Amino acid sequence: MTPDNEKDYLEKLETAIPGFDFLSQGGLPKGRATLIAGTAGSSKTIFACQFLVEGIKRGENGVFVTFEEPPQALRKNMRGFGWNIAQWELERKWAFVDASPQPGERMIVTGEYDLGALISRIEYAIRKYDAKRVSLDSLGAIFSHLTDSAQVRNDLFCLASALRELGVTAIMTAERIQEYGEISRYGVEEFVADNVVILRNVLADEKRRRTIEILKYRGTDHQKGEYPFTVIAGRGVVIVPLSAIELEQKSSNIRITSGSEELDRMCGGGFFRDSVILVSGATGTGKTLMVTEFMAGGVESKERCLIFAFEESREQLFRNAIGWGVDFQQMEREGKLKVVCRYPETTGLETHLINMKEIIEEFKPNRVAVDSLSALERVSSLKGFREFIIGLTSFIKQKEIGGLFTSTTPNLLGGASITDAHISTITDSIILLRYVEMYGEMRRGITVLKMRGSMHDKDIREFSIDHQGMHIGKPFRNVTGILSGSPMYTAQNEVDRLSNMFE
């Protein structure tokens, strides 16, 4: 075996933790120790438990060595994820090695201290239960009273060597003091582990964002950088590997209706079946109405439609739809429509994305509408929001689903950007809705700004809204500055003069 192809023969153990095996390109190196480092609240213990849980589901027994929380507390805390540790203990699939401090116990160290007795207990448990996976949580607890860093490092080497000789794949957790800086509290833990994974729980703009990074992976390659993850009740840690997204989506020439015949004509015959359309406009310009007509057009074409609403309740959506002549309630009874309403603040964007994917997988819609992205933008950082949009758009494109997203512009009239987060480049088509102030009267204008792969109407056309929905009329003539928010009327002779300059 040559050094060039040695990494090809490094066997990996699939963790089955959602997203992690992709980041690590196959899982954890088999028979080696991996350090999971993170600050308080970064989900180290959950990750360590989930590693054993997924192993048990695959017929691999596990040993959990706890230095902080007593087994009783761990059993109780992990029930929220649907993990019945007590039952697995009865079935001899899970074993605890309890090295946690007892209530009222005070540690006194005299003379030379070593981990020989603890290592013997761990070895006994591994052999007794024929364990393949071991989790140790957390290393810092046993070294908190020791001052000799050389002794700490030597003891850790002994522990890692013992685990390697037993052929088990191990996870060791260690606490960090800060999110970015020293890898571990004592600065030695990372040197005895073959692999280092960092979990972060960063506070930015008063919002928490969890990320995972593989820092060191001896003898094998892995994905570089930080990736978002979340913790979901009933599932545990779920990683969102954005690097798994590939630009290999199919493109269809099949057109679908927008729900408005005139808008279809403006778009060159309708939207493409697998395109993502962004409808951008100020509040009250008719974005939710366009979502309603998009859904109604789909149901009329015998397609299944799904709405994710983050600003209005079901009752409001259904009432508004009735006001435009669309009966959402009847559509739901027929199984052609599903409406999911949630407040953005209920959870993080990563959890929202995972939940939305699950609903799409279950309902299998032909069309999906999100109203509105602006509501989700306010509960996340700019980076997190863009990652959410990329994850959602790539997913619905892979499913060949037509998507319509709405976004509220910050300015009432015009604006320099279509969206604050500049997500317009991710979408296939952009429809702008604008207020047009003329002679003391507020009118509405619509234009198709972008449509990939198709010719489209370039006019800015006036539209009105009544009890039958949206009615698109004639183009604005002799008016300039509508999109910039400064509409100005131009005399006909000036229009003619300017037109002649380009003939």
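Look a little higher up for the structure.
Residues numbered from 1 in each chain as written. Predicted model: local features only at pLDDT ≥ 70, side-chain atom pairs only at ≥ 80, totals over all residues. Heavy atoms only, no water.

Before going further, it helps to examine the overall build of the protein chain. Tallying secondary structure elements over the protein chain gives 16 helices and 24 strands in all. Buried residues in the protein chain amount to 52% of all 503 residues. Of the contacts made within the protein chain by residues no fewer than 6 positions apart, 69% connect residues no fewer than 24 positions apart. Summed over its atoms, the accessible surface of the protein chain is roughly 23600 Å², and 49% of this surface lies on carbon and sulfur atoms. (Helix = DSSP H or I, 4+ residues; strand = E, 2+ residues; numbered from the N terminus. Buried < 20%, exposed > 50% of the residue type's maximum accessible area, 1.4 Å probe, protein only. Contact = heavy atoms within 4.5 Å. Areas by Shrake-Rupley, 256 points an atom, 1.4 Å probe, with all protein chains shown as cover.)

Next up on the list: the environment of V197. As for its position among the elements, V197 is in strand β8 (residues 195–204). A relative accessible area of 0% means that V197 is categorised as buried. Here the alpha-carbon distance between V197 and E213, two residues 16 residues apart in the chain, equals 5.7 Å.

It is possible for side chains bearing opposite charge to pair when their charged atoms get close. Under the counting rule described, the total for this entry stands at 28 salt bridges. One salt bridge in this structure joins R200 and E226, with 3.5 Å as the shortest N-O distance. Remark: E226 occurs in strand β10 (residues 226–232) and R200 occurs in strand β8; sequence separation between them is 26 residues. Judged by its relative accessible area of 29%, E226 falls in the partly exposed class. (Salt bridge = Lys/Arg side-chain N within 4 Å of Asp/Glu carboxyl O.)

The omega torsion across D137 and S138 is -5°, close enough to zero to call that bond cis. Summarising the element assignment, S138 is placed in the loop between β6 (133–137) and α6 (140–143). Cis geometry is adopted by the peptide bond preceding S372, which originates at D371 and carries an omega value of 5°. Its place among the elements puts S372 in the loop between β17 (367–371) and α14 (373–377). Notably, A16 is not glycine yet its phi reads approximately 70°, a positive angle. Overall, A16 belongs to the partly exposed group, its relative accessible area being 22%. Phi at K302 takes a positive value of approximately 65°, unusual for a residue other than glycine.

Moving on to the sheet that holds strand β5 (residues 94–98). Strand order in the open sheet formed by 9 strands is β5-β4-β6-β7-β3-β8-β9-β10-β11, and the pairing between neighbours is mixed. Looking at which strands have only one partner, the edges of the open sheet turn out to be β5 and β11 (236–239). Strand-to-strand twist of the sheet, defined as the mean angle between neighbouring strand axes without regard to direction, takes the value 25°. In terms of strand pairing, strand β3 (residues 33–38) meets strand β7 (residues 169–175) through 6 bridges, oriented parallel. Note that in β7 the partner of I36 across the bridge is T173. This element, helix α3 (residues 71–78), spans β4 (62–66) and β5 of the sheet and lies at about 135° to β5. (Pairing = 2+ DSSP bridges. Axes fitted to C-alpha atoms, helices over the stretch in contact; angles between N-to-C directions.)

Scanning the model with the defined rule gives 8 aromatic pairs in all. Positioned above the aromatic ring of F272 is the side chain of R255, whose terminal nitrogen or guanidinium carbon lies 4.2 Å from the ring centre. (Phe/Tyr/Trp six-rings, centres within 6.5 Å; stacked < 30°, edge-to-face > 60°. Lys NZ or Arg CZ within 6 Å of the ring centre and 35° of its normal.)

Turning to the nonpolar core, a few remarks are in order. Ranked by size, the top nonpolar core spans 36 residues in total, and within it L263, F271, M295, F328 and I431 carry the most contacts. No other element matches helix α10 (residues 287–300), which puts 7 residues into this core. In this structure F271 touches I254, R255, I256, S258, L263, I277, F294, L404, I431 and M451, once residues within four positions along its chain are discounted. (Core = buried A, V, L, I, M, F, W, Y, C linked by side-chain atoms within 4.5 Å.)

Here helix α13 (residues 349–363) crosses helix α15 (residues 382–398) at 10°, and the two axes come no closer than 10 Å. Classified by the angle between their axes, α13 and α15 sit roughly parallel to one another. Of the residues in α15, those in contact with L349, H352, L353, M356, K357, I360 and E361 of α13 are G384, F385, F388, G391, L392, F395 and I396. Counted by class, the contact of α13 with α15 contains 9 nonpolar, 3 polar and 2 charged residues. (Parallel < 35°, antiparallel > 145°, perpendicular 65-115°, else oblique. Nonpolar A, V, L, I, M, F, W, Y, C, P; charged D, E, K, R; others polar.)

Time to look at the side chain of S381. If you trace the backbone, S381 turns up in the loop between α14 and α15. Aside from chain neighbours lying at most four places away, what touches S381 is K207 and R209.

Paired through their backbone hydrogen bonds, the strands of a sheet run either parallel or antiparallel. Taken in spatial order, the 9 strands of this open sheet run β16-β15-β17-β18-β14-β19-β20-β21-β22, and their pairing is mixed. The sheet terminates laterally at β16 (337–341) and β22 (469–475), the two strands that pair on one side only. Strand-to-strand twist in this sheet, taken as the mean axis angle between neighbours without regard to direction, amounts to 20°. Note that strand β15 (residues 305–309) and β17 share 5 bridges and pair parallel. Bridging from a neighbouring strand, C305 pairs with R367 of β17. Relative to the sheet, helix α11 (residues 314–323) contacts β15, β16 and β21 (461–466), its axis offset from that of β16 by approximately 135°.

Here we take up α10. Spanning 14 residues, α10 covers 20 Å between terminal C-alpha atoms, matching the ideal 20 Å at 1.5 Å per step. Most of α10 sits inside the fold, with 13 of its 14 residues counted as buried. Looking one or two residues beyond α10, the residue adopting positive phi is K302, at roughly 65°. (Expected span 1.5 Å × (residues − 1).)

Coordinates in, geometry out; function isn't part of it.
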